[in-house]
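Geometric and topological summary
This is what each chain is made of:
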Amino acid sequence: MAEQEIEVIHSWSAPRSLSTSLMYSFAQRDNMEVLDEPLYPAFLRVTGFDRPYREEILSKIESDGNKVVNEVIFGPGGKKYRYCKVIYYIIREDAHHMAKQRLPGLPDDLMKKGKHILLIRNPLDILPSFDKVVPPSFKELGLADLVTIYSELCELGKSPVIVDAADLQQDPEATLRSLCEDLDIPFQATMLRWEAGPKPIDGLWAKWWRNVRKTSSLLKSPLPEPDLPVPANKNLLAWVGDEIVPRDDAKVSVFDSIVQGGDGVWEGLRVYNGKVFKLEEHLDRLFDSAKALAFNNIPTREEVKQAIFRTLIRNGMLDNAHIRLTLTRGKKVTSGMSPAFNLYGCTLIVLPEWKPPVYDNTHGVNLVTATTRRNSPNNLDSKIHHNNLLNNILAKIEGNNANTADAIMLDKDGYVSETNATNIFLVKKGRVLTPHADYCLPGITRATVMELVVKENLVLEERRISLSEFHTADEVFMLILESLC
């Protein structure tokens, strides 16, 4: 195709703002050329930063900023458009952050010509990733530079199109369609997908700082994508480790103890009217369980609270929500059972979901008595709220096979302990009875109900209860706030 004058689309961003993903998206268009940070060599030359790839880049790529702007960014091309991940105030420095430098001597055309995109991201999402490399500062995050770029473009009458990285993650098609409309270019469906792996458009430095995840067709599920019980949860954000990530990126290492041996502790929290029900009591139990399992390098109580609140706020989940709060022993240096291999500290997971009541409270539920017996404290103490739930899962399988809501679990002597997922109570002749918390979890909601029973001047009995007593009870109820379901 003969070379022609080309319309340039500049993309500006702060660090860790999905700028590479947006570049890859535009690269899928049939009418688009793409430049991956063409001014990066000029940045290396001017600043003198020492990088493993510095000499290779300076020897192979033009580093004169003026020449790059005039001959590369605005040079003739074979397609109608050129997408330029332009770094002028902000130049990507390495895998984890961008250095903010105004390169001297660059022509004003960089700002005056072409169309401009400003890709922004919530600093709460940027900070944890940035902090893994260097302590963040306002200057290094480049937020002031983005404001300056925005102001200069507006003064020039070149107001940029603003794209929020969160929108790009949660609804890429709608966001890209809107972006194309604002840029006055037709949307192309090819922008939504590309092959995993390195790209020809990647700069020479990409192998040093761009994490590429490859997928194997052998690992792809042949099953269709299932419907979610609550479709809104498709776009949820979860806290994993030290950052908030989208649902599809909410993963832990294969070396994490939760994967290696179910080695973790957890809490089920409910959110009502902007408050987490019995949060302090749940945190007490979480930390007690972690202590009983001899976890090391545990996050502080305040750090856990901040992770919970920030995750709820980011999701807008202030009512009718459930949180699965998990603390694992953390990642191991090698696979194996020994906690001596856990040298990275604990992994904190905050998984919030919109979750309606699990059970049918209008018509009641049916239960079956499982043959699987509840763990004895001789083997694994239920007072440790641990993630090793196979005992409960085996009983739940029996309930599923019997087409019942859940299964009642007995202790080793045949007395009722709890269901596979909840504490259980019965009412008989005005008395409220519940099993001792020897085999069952001493639930926080259970304790709350027991307090309310006493407060209402009802007779409360906590003792061994046989299965026949449940069969002949006036009423039976389960507690679902801390359900394992």
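Model, not experiment: these values are computed from the prediction.

1. So, the pairing of strand β3 (residues 81-85)
By the criterion of burial, β3 is predominantly enclosed, with 5 of the 5 residues buried. The alternating pattern of β3 places Y81, Y83 and K85 and R82 and C84 on opposite faces, both of which are buried. With 4 bridges connecting them, strand β1 (residues 7-13) and β3 associate as parallel partners. Across the sheet, I9 pairs through a bridge with Y83, a residue of β3. Looking at chain direction, strand β2 (residues 32-36) and β3 are connected through 5 bridges and run parallel. When the sheet's bridge partners are listed, M32 is paired in β3 with Y81.

2. What to know about the sheet that holds strand β16 (residues 416-419)
Pairing within the open sheet is mixed, and its 3 strands lie in the order β14-β15-β16. With one partner strand each, in any of the chains shown, β14 (367-369) and β16 form the two edges of the open sheet. Strand-to-strand twist across the sheet, computed as the mean angle between neighbouring axes with direction ignored, equals 30°. Where helix α15 (residues 390-401) meets the sheet, it contacts β14 and β15 (406-410), and its direction lies at approximately 125° from that of β15.

3. Some thoughts on a nonpolar patch on the surface
Taken together, the side chains of L390, I393, L394 and I397 present a nonpolar region at the surface, about 370 Å² in accessible area. When you line up the elements, L394 lands in helix α15. Looking at L394, the relative accessible area reads 46%, which means it is partly exposed.

4. Quick notes on the sheet that holds strand β12 (residues 321-328)
Strand order across the open sheet formed by 6 strands is β9-β8-β13-β12-β10-β11, with antiparallel pairing between neighbours. Edge strands, defined here as strands with exactly one partner in the open sheet, are β9 (243-246) and β11 (275-276). Here strand β10 (residues 264-272) pairs with β12 via 8 bridges, running antiparallel. Its bridge partner lying in β12, G268 is registered against R324. Together, β10, β11 and β12 form the strand contacts of helix α13 (residues 279-292), whose direction differs from that of β10 by roughly 175°.

5. Some thoughts on the confidence of the model for the protein
Per-chain confidence: the protein averages 87 in pLDDT, with 88% of residues scoring 70 or above. Confidence drops under pLDDT 50 across residues 88-102; counting only partners more than four residues distant or on other chains, this segment forms 72 contacts. Segment residues 212-219 is flagged for pLDDT under 50; beyond a separation of four residues in sequence, or across chains, it makes 9 contacts in the model.

6. Regarding the packing of aromatic side chains
In this structure the tally under the stated criterion is 4 aromatic pairs. Taken together, a centroid distance of 6.0 Å and an interplanar angle of 70° make the contact between Y24 and W194 edge-to-face. With Y24 in helix α1 (residues 19-27) and W194 in the loop between α10 (172-183) and α11 (206-209), this residue pair connects regions lying 170 residues apart in the sequence. Geometry around F74 places K113 over its ring, the cationic atom sitting 4.5 Å from the centre. The positively charged end of R324 is found above the aromatic ring belonging to W266, 3.7 Å away from the centroid.

7. Considering the pairing of strand β7 (residues 161-164)
Here β7 shows a buried face lined by V161 and V163 and an unburied face lined by I162 and D164. As judged from the 4 bridges shared by strand β6 (residues 115-120) and β7, these two strands associate in the parallel manner. The partner of L118 across the bridge, within β7, is I162.

8. Observations regarding the nonpolar core
In terms of nonpolar packing, the biggest core is built from 27 residues, with I308, I323, L325, L327, L348 and V350 touching the most fellow members. Contributing elements (two or more residues each) for this core: β8 (237-240), β10, α13, α14 (301-315), β12 and β13 (347-354). Broken down by element, this core gets its largest block of residues, 5 residues, from α13. Setting aside chain neighbours within four positions, we find V350 in contact with A238, W239, A307, I308, T311, I323, R324 and L325. Counting 21 residues, the second largest nonpolar core, distinct from the first, contains V161, V163, C180 and M191.

9. A word on α10
Side chains that are three or four residues apart share a direction in an α-helix, a result of its 3.6 residues per turn. Its 12 residues give α10 an end-to-end C-alpha distance of 16 Å, which sits within 8% of 16 Å, the value for a rise of 1.5 Å per residue. Here α10 has its buried residues at T175, L176, L179, C180 and L183. Here the buried residues of α10 occupy an arc of 130° about the axis, which is enough to place them on one side. Buried residues belonging to α10 abut β1, α1, β6, β7 and α9 (165-170). Immediately beyond the C-terminal end of α10, within one or two residues, lies D184, with a positive phi of roughly 60°.

10. Description of the packing of α1 against α10
Helix-helix packing is characterised by the crossing angle of the two axes and by the distance between the axes. The geometry of α1 relative to α10 is characterised by a closest axis approach of 13 Å and an angle of 70° between their N-to-C directions. By the criterion of interaxial angle, the relationship of α1 to α10 is roughly perpendicular. Here the hand of the crossing between α1 and α10 comes out right-handed. Along its contact with α1, which presents L22, S25 and F26, the element α10 presents L176, L179 and L183. When grouped by side-chain class, the residues that make up the contact of α1 with α10 number 5 nonpolar, 1 polar and no charged.

11. Some points on the environment of L441
Along the polypeptide, L441 turns up in the loop between β18 (431-434) and α16 (444-455). Overall, L441 belongs to the buried group, its relative accessible area being 12%. Considering only alpha carbons, one finds L441 and N423, 18 residues apart in sequence, at a separation of 7.3 Å. Setting aside chain neighbours within four positions, we find L441 in contact with R285, S382, H385, E418, N423 and R446.

12. What about the layout of surface pockets?
Empty space within the second largest pocket amounts to approximately 380 Å³. Along the wall of the second largest pocket there are 17 residues; nearest its centre are V365, L367, V476, F477 and M478. Counting only elements with at least two residues in the lining of the second largest pocket, the list comes to β14, α17 (467-471) and β20 (475-478). Of the residues in the lining of the second largest pocket, the class split is 12 nonpolar, 4 polar and 1 charged.

About the cut-offs
- Residues numbered from 1 in each chain as written.
- Predicted model: local features only at pLDDT ≥ 70, side-chain atom pairs only at ≥ 80, totals over all residues.
- Heavy atoms only, no water.
- Buried < 20%, exposed > 50% of the residue type's maximum accessible area, 1.4 Å probe, protein only.
- Helix = DSSP H or I, 4+ residues; strand = E, 2+ residues; numbered from the N terminus.
- Pairing = 2+ DSSP bridges.
- Axes fitted to C-alpha atoms, helices over the stretch in contact; angles between N-to-C directions.
- Contact = heavy atoms within 4.5 Å.
- Patch = residues over 30% accessible without salt bridge, like charges linked within 9 Å, V, L, I, M, F, W, Y side chains within 5 Å.
- Areas by Shrake-Rupley, 256 points an atom, 1.4 Å probe, with all protein chains shown as cover.
- Salt bridge = Lys/Arg side-chain N within 4 Å of Asp/Glu carboxyl O.
- pLDDT = per-residue confidence, 0-100.
- Phe/Tyr/Trp six-rings, centres within 6.5 Å; stacked < 30°, edge-to-face > 60°.
- Lys NZ or Arg CZ within 6 Å of the ring centre and 35° of its normal.
- Core = buried A, V, L, I, M, F, W, Y, C linked by side-chain atoms within 4.5 Å.
- Expected span 1.5 Å × (residues − 1).
- Arc of directions from axis to C-beta.
- Parallel < 35°, antiparallel > 145°, perpendicular 65-115°, else oblique.
- Left-handed = near helix turned anticlockwise from the far one by under 90°.
- Nonpolar A, V, L, I, M, F, W, Y, C, P; charged D, E, K, R; others polar.
- 1 Å grid on protein atoms, 1.4 Å probe; cavity = no way out; pocket = protein on both sides within 12 Å on 5 of 7 lines; lining within 4 Å.
- Points joined across faces, edges and corners; volume = space filled by probe spheres on them.

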